[in-house]
Amino acid sequence: MNSELLKQVEGAPRVNLGCLAQRVTRTNDSHKYGFGDIRGVSNTKEIVPTKANATERALERFYVVCPGEFVFNRRVHGTGARRLGLGFNN
């Protein structure tokens with residue numbers, strides 16, 4: 001990381017993420033969205049069409065992420081490595 005940028009980051013005030021963001025748990029309980037609308041978060045933090053087979057899943061349990069909202073998905077891979085799945089719905 002650039003040393004000048006690192007100095008700026010180290011000197012920045014600390015803020016609790018909860019002060020800046022609000023958790024939303026809006027689900028597809030009205031069945032407005034179908035299988036073709038399901039998206040996932042890629043390794044490059046983009047919201048993309050899912051690769052998962054969701055045909056046996058209950059659609060009303062899926063979260064609805066509106067434009068201008070972030071989505072967070074905590075993942076643990078088979079190796080035990082933890083990954084941060086974070087995307088912005090633009």
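A quick note: this is a predicted structure, and the numbers were derived from the prediction, not measured. (Residues numbered from 1 in each chain as written. Predicted model: local features only at pLDDT ≥ 70, side-chain atom pairs only at ≥ 80, totals over all residues. Heavy atoms only, no water.)

How would you summarise the overall build of the protein if you had to cite specific residues and measurements?
Across its full length, the protein carries one helix and four strands. Each helix and strand of the protein, placed in order from N terminus to C terminus, yields the pattern α-β-β-β-β. In terms of overall dimensions, the protein is more spread out than a globule: its C-alpha atoms have a radius of gyration of 17 Å, far above the 12 Å expected for 90 residues. In terms of overall dimensions, the protein has C-alpha extents of about 50 × 30 × 20 Å along its principal axes. Here the protein holds 90 residues, and 11% of them are scored as buried. (Helix = DSSP H or I, 4+ residues; strand = E, 2+ residues; numbered from the N terminus. Rg over C-alpha atoms; globule rule 2.2 N^0.38 Å. Buried < 20%, exposed > 50% of the residue type's maximum accessible area, 1.4 Å probe, protein only.)

An account of the packing of aromatic side chains is needed here, citing residue identities and associated values.
Throughout the structure, instances matching the rule amount to one aromatic pair. Each ring, one from F70 and one from F88, has its centre 4.8 Å from the other, and the planes form 55°; the classification is tilted. Here the residue F70 occupies a position in strand β3 (residues 70-76), and F88 occupies one in strand β4 (residues 82-88), the gap between them amounting to 18 residues. Residue F88 is classed as partly exposed on the basis of its relative accessible area of 38%. (Phe/Tyr/Trp six-rings, centres within 6.5 Å; stacked < 30°, edge-to-face > 60°.)

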